[in-house]
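A look at the structure
If you want the building blocks of each chain, they are given just below.
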Amino acid sequence: MGFIKYIANEKHYKEVLSLIDKAKHTLWIGTADIKDLYMNDKPFLATLASLLKKGVEIRLIHAKEPGTAWREDHEKYPILYDGMERVLCPRVHFKLIIIDNSVVYIGSANLTGAGMGMKSPRKRNFEAGILTDDPEMLEEAINHFDSVWIGNFCKECGRRAYCADPIK
């Protein structure tokens, strides 16, 4: 059995996002919402661009188009266009961050400043989740992410009319 750690509020920023910099091979992120997020005073997208330059495979599933600030930051890092794989699925509401298929965050926090706890205590969301390397939980999370990623639900999806680019 591996470790299982409860993550709340600002610990998302301090303990979950800090692991993203350490990814060596893969980084899979599933989130309903994504907005401009900063890590160590730089855009989160700068971190992703840096990981891509190191050869890390990045997959991002999100439910809706990101906000203006995120899109503006995205344009600053051309490697993101071809290097980061992205799928838009209006049914995604899970929040998963899977790093190197060895540790997973499963919780409530969207990939936003308020969700990840980087805002002040008076402005951030109340979030909760777990961080674990437990093999069974990790395998379930990987399989769940992958089943959405490859479009297992697309053919029979009841929200297909809202999907800009069905996978299948």
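Before reading on, note that the structure itself is shown above.
Presented here is a report on the structure given in the accompanying data block.

Cut-offs used in this document
Residues numbered from 1 in each chain as written. Predicted model: local features only at pLDDT ≥ 70, side-chain atom pairs only at ≥ 80, totals over all residues. Heavy atoms only, no water. Pairing = 2+ DSSP bridges. Helix = DSSP H or I, 4+ residues; strand = E, 2+ residues; numbered from the N terminus. Axes fitted to C-alpha atoms, helices over the stretch in contact; angles between N-to-C directions. Contact = heavy atoms within 4.5 Å. Core = buried A, V, L, I, M, F, W, Y, C linked by side-chain atoms within 4.5 Å. Buried < 20%, exposed > 50% of the residue type's maximum accessible area, 1.4 Å probe, protein only. 1 Å grid on protein atoms, 1.4 Å probe; cavity = no way out; pocket = protein on both sides within 12 Å on 5 of 7 lines; lining within 4 Å. Points joined across faces, edges and corners; volume = space filled by probe spheres on them. Nonpolar A, V, L, I, M, F, W, Y, C, P; charged D, E, K, R; others polar. Phe/Tyr/Trp six-rings, centres within 6.5 Å; stacked < 30°, edge-to-face > 60°.

So, the sheet that holds strand S1 (residues 4-8)
Sheet architecture is open: seven strands sit in the order S1-S9-S8-S7-S2-S5-S6, paired in mixed fashion. A single partner strand is all that each edge strand has here, and the edge strands are S1 and strand S6 (84-88). The average angle at which neighbouring strand axes cross in this sheet is 10 degrees, direction not considered. Inspection of the sheet shows strand S2 (residues 26-31) paired to strand S7 (residues 95-99) by four bridges, in the antiparallel sense. Looking at S7, one finds that Ile29 is bridged to Ile97. Lying on the sheet, helix H1 (residues 11-20) is in contact with S1, S2, S7, strand S8 (103-107) and strand S9 (128-132); it crosses S1 at an angle near 125 degrees.

A look at the nonpolar core
In this structure, Leu27, Phe44, Leu48 and Ile97 are the most contacted members of the largest nonpolar core, which totals 32 residues. Residues contacting Phe44, with those up to four places away along its chain left out, are Leu17, Ile20, Ile29, Leu37, Tyr38, Met39 and Leu111. Within the second largest apolar cluster, 15 residues are counted, among which are Leu96, Leu138, Ala141 and Ile142.

Digging into empty space enclosed by the protein
In this structure the tally under the stated criterion is one cavity of 30 Å³ or more. A volume near 30 Å³ is recorded for the largest cavity. What lines the largest cavity is simply Ile29, Gly30, Thr31, Lys95, Leu96, Ile97, Tyr105, Ala109, Asn110, Leu111 and Met116. Residue assignment for the lining of the largest cavity shows that the elements contributing at least two residues are S2 and S7. Looking at side-chain class alone, the lining of the largest cavity contains seven nonpolar, three polar and one charged residues.

Some words on the packing of aromatic side chains
Here a ring pair, both rings aromatic, is described through the centre-centre distance and the interplanar angle of the planes. By the definition in use, this model includes three aromatic pairs. With 4.9 Å between their ring centres and 20 degrees between their planes, Trp28 and Phe145 make a pair best called stacked. On the criterion of sequence distance, the pair formed by Trp28 in strand S2 and Phe145 in helix H5 (residues 135-149) is long-range, its members being 117 residues apart. By relative accessible area, Trp28 is classed as buried at 8%.

By themselves these figures say nothing about function.
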